[in-house]
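Chain by chain, the residues run as shown.
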Amino acid sequence: MNTPHVAGLLLAAGQGSRLGMPKALVTYGGERLVDRGVRLLEEGGCHPVVVVLGAATVQVRGAVTVRNPDWASGMGSSLRTGLAALPEAAEAVVIALVDQPFIRPEAVRRLVAAGAEVAVATYGGRRRNPVLIARRHFAEVAELAVGDVGARPFLKAHPGLVTEVPCDGLGDPADIDTPEDLDLLEAE
């Protein structure tokens, strides 16, 4: 069986209101989180990688960038914008968030290798990101992504479709939301 053509989608449009700056611009280990997210998806086997921007407009090497003019309405509009920007050749997409810098490419590769139409990374038995979704579900995912939620409503509506993929030991899904989180990040 051929490996499907899987694109990557990095949601990076938010202003980081609790953080005090757009998360895409945060630097860790000399690398912006947006660049780190692109690298995660590329090294995980996704091509192309589409980055949804909004609050900050930045140049991102190795990725297609799209601007979500409605970014302030929440993650749902960014997910819809990103799904609409994916090339027709993409049979599936792995969706990642810019504010989770400790997830490793092995988690993305494991999602792709699961061979499922819908796959969700789990850590300690809890569903987190990244998430893989087959193209035939894009329209419904987009329809249900309203406000500040992404694919979660779709996943809840279709529990029988979801394959949980254990990713323990393949990074930490902790996200960077506050200055305290950033301080911990910088202390590492």
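Everything below is about the structure shown above.
Everything quoted here is computed from the prediction, not taken from an experiment.

What counts, and at which threshold
Residues numbered from 1 in each chain as written. Predicted model: local features only at pLDDT ≥ 70, side-chain atom pairs only at ≥ 80, totals over all residues. Heavy atoms only, no water. Helix = DSSP H or I, 4+ residues; strand = E, 2+ residues; numbered from the N terminus. Buried < 20%, exposed > 50% of the residue type's maximum accessible area, 1.4 Å probe, protein only. Contact = heavy atoms within 4.5 Å. Core = buried A, V, L, I, M, F, W, Y, C linked by side-chain atoms within 4.5 Å. Arc of directions from axis to C-beta. Disulfide = S-S within 2.5 Å. Pairing = 2+ DSSP bridges. Axes fitted to C-alpha atoms, helices over the stretch in contact; angles between N-to-C directions.

Participant: Could you give an account of unusual backbone geometry, with specific residues and numbers?
Facilitator: Between H47 and P48 the backbone carries a cis peptide bond, its omega angle lying at -5 degrees. As for its placement among the helices and strands, P48 is situated in the loop between α1 (33-43) and β4 (49-53). A cis amide bond links N129 with the next residue in sequence, P130, at an omega value of 0 degrees. By the element assignment, P130 lies in strand β8 (residues 126-134).

Participant: Would you mind going over α1 in detail, with residue names and values included?
Facilitator: Burial in α1 covers these residues: L33, V34, R36, G37, V38, L40 and L41. In this fold, the buried residues of α1 make contact with β1 (6-11), β2 (27-28), β3 (31-32), β4, β6 (92-97) and α3 (105-113). Count one or two residues on from α1 and you reach G45, which has phi positive near 100 degrees.

Participant: Which residues make up the nonpolar core, and what values go with them?
Facilitator: Among the nonpolar cores identified, the biggest contains 38 residues, and L10, V34, L41, V51, V94 and L132 are the most heavily contacted of them. Elements represented by at least two residues in this core include exactly β1, α1, β4, β6, α3 and β7 (118-123). The greatest single-element share of this core, amounting to five residues, is contributed by α1. Sequence-distant contacts of L41, that is, excluding residues within four places in its chain, are made with G8, L9, L10, C46, V49, V94, A96 and V108. Formed by 26 residues, the second largest nonpolar core is a distinct cluster that contains L11, V118, A145 and A151.

Participant: Talk me through α3; I want residue IDs and the actual numbers.
Facilitator: By the burial criterion, the buried members of α3 are P105, A107, V108, L111 and V112. One side of α3 carries all its buried residues, which in axial view fall inside an arc of 160 degrees. Against β1, α1, β6, β7, β8 and β9 (162-166) lie the buried residues of α3.

Participant: I'd like a description of the state of the cysteines, backed by residues and values.
Facilitator: The full count for this structure, using the stated rule, is zero disulfides. Lacking any disulfide linkage, C46 is separated from the closest cysteine sulfur, that of C167, by 13 Å. Residue classification places C46 among the buried residues on the basis of a relative accessible area of 3%. Among the residues examined, C167 registers a relative accessible area of 0% and is labelled buried.

Participant: Kindly report on the sheet that holds strand β5 (residues 64-67), identifying the contributing residues and their values.
Facilitator: The pairing of strands in a sheet happens through backbone hydrogen bonds and is either parallel or antiparallel. Pairing in this open sheet of seven strands is mixed, and the strands run β5-β4-β1-β6-β8-β7-β9 from one edge to the other. Two strands lie at the open edges of the sheet, namely β5 and β9, each paired on one side alone. With direction set aside, neighbouring strand axes in the sheet form an average angle of 25 degrees. Sheet topology places β7 next to β8; five bridges connect them, and they run antiparallel. Bridged to T122 within β8 is R127. Sheet contacts for helix α2 (residues 75-85): β1, β4, β5 and β6; angle to β1, the most-contacted strand, approximately 150 degrees.

Read these as geometric descriptors, not functional statements.
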